[in-house]
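Single-letter residue listing:
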Amino acid sequence: MRLRHGLLPALIVVSLGAATTGAAQEPGAIVRPDEGGAGSARGLGAGLFAANCATCHGVTGRGVAARGPSLLGVGARAADFYLRTGYMPLRSPTDQPTRSRVLFSEREIRALVSYVSALKPGPPIPHPQPQTGSLSEGLHQFTEHCAGCHQVATQGGVVTGARVPPLQNATVTQIAEAVRTGPYVMPRFPPSQISDRQLNSIVRYIAASRHPDDRGGWGIGNLGPAPEGIVTWLIAALALVSVCVLISSRSRR
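Since the structure is predicted, the reported quantities are computational estimates derived from the model, not experimental observations.

Enquirer: Would you mind showing me how to read unusual backbone geometry here?
Expert: Note that the residue after M88, namely P89, is joined by a cis bond; omega there is 0°. Mapping P89 onto the fold places it in the loop between α4 (75–84) and α5 (106–119). Despite not being glycine, Q151 shows a phi value in the positive range, around 70°. Tracing the chain through its elements places Q151 in the loop between α7 (147–150) and β1 (157–159). The exposure class of Q151 is partly exposed, given its relative accessible area of 26%. Positive phi values are uncommon outside glycine, yet Y184 reaches one of about 55°. Residue position: Y184 is located in the loop between α8 (172–181) and α9 (196–208).

Enquirer: Help me out: how do you make sense of α5 in this one?
Expert: Every α-helix winds through 3.6 residues per turn, so residues three or four apart in the chain are directed the same way. Over its 14 residues, α5 runs 20 Å from end to end, which matches the ideal 20 Å to within 8%, given 1.5 Å per residue. Taken as a whole, α5 has its buried residues at E108, I109, A111, L112, V113, Y115, V116 and L119.

Enquirer: Please clarify how the side chain of H150 should be interpreted in this entry.
Expert: By the secondary structure assignment, H150 is in helix α7. Within the structure, the side chain of H150 is placed 3.0 Å from the backbone oxygen of P165, a separation counted as a polar contact.

Enquirer: Please explain the packing of α4 against α8 as it appears in this structure.
Expert: Think of two packed helices as two axes; the pair is described by the angle between the axes and how far apart they sit. In the contact formed by α4 and α8, the axes pass within 9 Å of each other and the chain directions differ by 125°. By the angle between their axes, α4 is oblique relative to α8. As for the relative orientation of α4 and α8, their crossing is left-handed in sense. Residue-level contacts link R77, A78, D80, F81, Y82 and R84 of α4 to T173, Q174, E177, A178, R180 and T181 of α8.

Basis of the calculations
- Residues numbered from 1 in each chain as written.
- Predicted model: local features only at pLDDT ≥ 70, side-chain atom pairs only at ≥ 80, totals over all residues.
- Heavy atoms only, no water.
- Helix = DSSP H or I, 4+ residues; strand = E, 2+ residues; numbered from the N terminus.
- Buried < 20%, exposed > 50% of the residue type's maximum accessible area, 1.4 Å probe, protein only.
- Expected span 1.5 Å × (residues − 1).
- Polar contact = N/O pair within 3.5 Å; in protein donor to acceptor, adjacent residues only side chain to side chain.
- Axes fitted to C-alpha atoms, helices over the stretch in contact; angles between N-to-C directions.
- Parallel < 35°, antiparallel > 145°, perpendicular 65-115°, else oblique.
- Left-handed = near helix turned anticlockwise from the far one by under 90°.
- Contact = heavy atoms within 4.5 Å.

Right, dumping it as structure tokens:
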């Protein structure tokens, strides 16, 4: 609590200055505090939060109604995930967070994560070990908990009211963070539902799915059984029509 109260005046000042500076910037652009107040990691994190996050999450991180949730207790885990995937900051509070270009530098991300985690104790950044996981168990766990939305091929999809992202570009840490955090409409899976051992297996399976062994032939992007079936039927129909045309032309002779 000492961190929050001690930086409250500074946050208010930076917020007022950021509002003036950000008025001329494009939506989604980053407002960076003056170097004078951002020399330390603590000052940098506070300044960046006030300039880019406080509008939706509140100056003290308690959230703003109809704009953004409270960040008290989310810890470094959620902050690291949302910042490193480009999910945050959003152009509008009503937008769905999607993977996009990361707008903060490595130093800025570390400072922001440190600041958010200091608001109130919360979960740390996980460190999965996929090399210790089982590929077969990973397939089983992913099919049971994740494939309904992400497809068994980890290519993403669509559910009611949201787009489900593919997992091809997610790092092992981001996968573990997402499972434990439950971003946007994704459910959160605590260790009581998916253990750390099972999570390691899931991460290993997702990593392996990026380089599938297409022994059956053409993988056509590994989009899943439904698209592959449609393509198969289209090719079969084209082949059948071609055979019919060939037979018809020969019979006329």
